[in-house]
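Analysis of the macromolecular model
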Amino acid sequence: MFLLFHLHRSNVLPLGDLGVRKGTGKLFDVKGKGRNGALCEKKDSELLKSLHEPFAPFQSLSTYYMWRIADTVAFNNND
């Protein structure tokens, strides 16, 4: 978050962030190799990178959108 909001980096994709992984799973409707189909930081890193590659060099914006999707009630009603 420091890189995004204070240093204004435009191409940051934190694969270890749970909100980014949850939002990615919901938006792209993908299942990972983690428990109950959750996207795993290490096992699914290539999948996550490939899904966010079209957003380069503005992956920070896609990161923000993934956080918002993970927090949005409309996306979370399907759980």
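Treat the numbers as computed from the prediction; the structure is a model and nothing was measured. (Residues numbered from 1 in each chain as written. Predicted model: local features only at pLDDT ≥ 70, side-chain atom pairs only at ≥ 80, totals over all residues. Heavy atoms only, no water.)

1. Observations regarding the nonpolar core
- The biggest cluster of nonpolar side chains holds ten residues, and these are Leu4, Val12, Leu13, Leu15, Val20, Leu39, Leu48, Met66, Trp67 and Ile69.
- With three residues, the top contributor of residues to this core is helix H4 (residues 59-71). (Core = buried A, V, L, I, M, F, W, Y, C linked by side-chain atoms within 4.5 Å. Buried < 20%, exposed > 50% of the residue type's maximum accessible area, 1.4 Å probe, protein only. Helix = DSSP H or I, 4+ residues; strand = E, 2+ residues; numbered from the N terminus.)

2. Overview of the environment of Ala74
- If you trace the backbone, Ala74 turns up in helix H5 (residues 73-76).
- Given a relative accessible area of 58%, Ala74 falls into the exposed group.
- The sequence separation of Ala74 and Val20 amounts to 54 residues, and the corresponding C-alpha distance is 17 Å.

3. Digging into the packing of helix H2 (residues 18-28) against H4
- Remark: H2 packs on H4, axes separated minimally by 7 Å, with the N-to-C direction vectors making an angle of 75 degrees. In terms of orientation, H2 and H4 fall into the roughly perpendicular class. Together, Gly19, Val20, Lys22, Gly23, Thr24, Lys26 and Leu27 of H2 and Thr63, Met66, Trp67, Ile69 and Ala70 of H4 make up the contact between the two elements.
- Considered class by class, the residues forming the contact of H2 with H4 number six nonpolar, four polar and two charged. (Axes fitted to C-alpha atoms, helices over the stretch in contact; angles between N-to-C directions. Parallel < 35°, antiparallel > 145°, perpendicular 65-115°, else oblique. Contact = heavy atoms within 4.5 Å. Nonpolar A, V, L, I, M, F, W, Y, C, P; charged D, E, K, R; others polar.)

4. Observations concerning the side chain of His52
- Here His52 lies in helix H3 (residues 45-52).
- If near-sequence neighbours (up to four positions away) are discounted, His52 is found in contact with Leu13, Thr24, Gln59, Ser62 and Met66.

5. Looking at a nonpolar patch on the surface
- A surface patch of nonpolar side chains, amounting to about 690 Å² of accessible area, comprises Met1, Phe5, Phe58, Leu61, Tyr64 and Tyr65.
- Of all the elements, H4 adds the most residues to the nonpolar patch, at three residues.
- Structurally, the position occupied by Tyr64 is in helix H4.
- Under the relative-accessibility criterion, Tyr64 is labelled partly exposed at 39%. (Patch = residues over 30% accessible without salt bridge, like charges linked within 9 Å, V, L, I, M, F, W, Y side chains within 5 Å. Areas by Shrake-Rupley, 256 points an atom, 1.4 Å probe, with all protein chains shown as cover. Salt bridge = Lys/Arg side-chain N within 4 Å of Asp/Glu carboxyl O.)

6. With respect to the confidence of the model for the protein chain
- Residue-level pLDDT values for the protein chain average 89, and 96% of them are 70 or greater.
- The element-level mean pLDDT for the protein chain is lowest in H5, coming to 74, with H3 highest at 95. (pLDDT = per-residue confidence, 0-100.)

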